[in-house]
Amino acid sequence: MTLDHSDAEIAALLNSLDPEDPAVMSRLHDRLATAAAGQHTLDVAYRTVDSPLGPLLLAATERGMVRVAFAAEDHDAVLQRLADKLSPRILRSAARLDPAARELDEYFAGKRRLFDLPLDLSLSRGFRLSVLEHLPHIAYGRTESYAEVALATGSPRAVRAVGTACATNPLPVIVPCHRVVKSDGSLGNYLGGIDAKRTLLELEAA
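Some remarks on the side chain of Arg179
Line of reasoning, step 1. With respect to the helices and strands, the residue Arg179 is situated in the loop between helix 7 (159–167) and strand 6 (180–181).
Line of reasoning, step 2. Residue classification places Arg179 among the buried residues on the basis of a relative accessible area of 5%.
Line of reasoning, step 3. Of note is the side chain of Arg179, whose polar atom sits 2.7 Å from the backbone oxygen of Ile138.

Structure, rendered in structure tokens:
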């Protein structure tokens, strides 16, 4: 299959069609996404998956996973921000996200402790990026306090900044900010909500 129009025109056409037959529309969308990926004109691919935390939006660039978003964040708004910050060439494409979907299923089933996915951390900068790079070193089933993370990243006074980095983590679950808690052992805040954080910690403690 070849594309005679720009990817923006194709996306606009696809979004304007009235899906009388959802199965046909889904196949058409997948073919367009595959063709765009083959021509390296698909900059951001996305899909949604079901999870014990509700539907999760997964997005990836050619470099790797760039975003995991909870339903409470408004998936449409998240996609718009990705288009604004990364590229407007964004389409739903299951293929690029299949490995992530599989590893998340294994994680939630208690069969996976480490994610083996390439990551694109381009949405984070400076100290926030340093925090995100540290988080995967917190072992499965363990936690660290915000103060301990600040110390580990070389800025022991930056406890509040660690909280901000965790709150703006673009890859929750995969980059485990849920393993960061308050010094008194209480959970602290979480982008997906306290119940989601508790669910993740209880899953890893089982």
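Alright, that's what it looks like, and here's the rest.
Quick word on the sheet that holds strand 2 (residues 56–60)
Line of reasoning, step 1. Spatially, the four strands line up as an open sheet ordered 3-2-1-4, and their pairing is mixed. A single partner strand is all that each edge strand has here, and the edge strands are strand 3 (65–70) and strand 4 (90–92). If you compare each strand with its neighbour and ignore which way they point, the axes differ by 20° on average.
Line of reasoning, step 2. The pairing of strand 1 (residues 44–49) with strand 2 spans five bridges and is classified as antiparallel. What sits directly across from Val49, in strand 2, is Leu56.
Line of reasoning, step 3. Helix 3 (residues 75–85) rests against strand 1, strand 2, strand 3 and strand 4 of the sheet, and its axis sits at about 155° to strand 3.

Here's the deal with helix 5 (residues 126–134)
Line of reasoning, step 1. Of the positions making up helix 5, those classed as buried are Val131, Leu132 and His134. Looking straight down helix 5, one finds its buried side chains confined to an arc of 160°; they lie on one side.
Line of reasoning, step 2. Where helix 5 is buried, its residues contact strand 5 (144–145), helix 6 (146–152) and helix 7.

Examining the packing of aromatic side chains
Line of reasoning, step 1. A complete count under the given rule lists four aromatic pairs for this structure.
Line of reasoning, step 2. A ring pair is formed by Phe70 and Tyr190, whose centres lie 5.7 Å apart and whose planes are at 70°; its orientation type is edge-to-face. Of this pair, Phe70 sits in strand 3 while Tyr190 sits in the loop between strand 6 and helix 8 (194–205), and the two are 120 residues apart along the sequence. The two residues Phe70 and Tyr190 agree in class, both being buried.
Line of reasoning, step 3. For the ring pair Tyr107 and Tyr140, a centre distance of 6.3 Å and an interplane angle of 85° mean the geometry is edge-to-face. Separated by 33 residues along the polypeptide, Tyr107 in helix 4 (residues 94–108) and Tyr140 in the loop between helix 5 and strand 5 bring together distant segments of the chain.
Line of reasoning, step 4. The class of Tyr140 is buried, set by a relative accessible area of 14%.
Line of reasoning, step 5. Connected via pairs of aromatic rings, a cluster forms that spans Tyr107, Phe108, Phe115 and Tyr140.

Conventions and cut-offs
- Residues numbered from 1 in each chain as written.
- Predicted model: local features only at pLDDT ≥ 70, side-chain atom pairs only at ≥ 80, totals over all residues.
- Heavy atoms only, no water.
- Helix = DSSP H or I, 4+ residues; strand = E, 2+ residues; numbered from the N terminus.
- Buried < 20%, exposed > 50% of the residue type's maximum accessible area, 1.4 Å probe, protein only.
- Polar contact = N/O pair within 3.5 Å; in protein donor to acceptor, adjacent residues only side chain to side chain.
- Pairing = 2+ DSSP bridges.
- Axes fitted to C-alpha atoms, helices over the stretch in contact; angles between N-to-C directions.
- Contact = heavy atoms within 4.5 Å.
- Arc of directions from axis to C-beta.
- Phe/Tyr/Trp six-rings, centres within 6.5 Å; stacked < 30°, edge-to-face > 60°.

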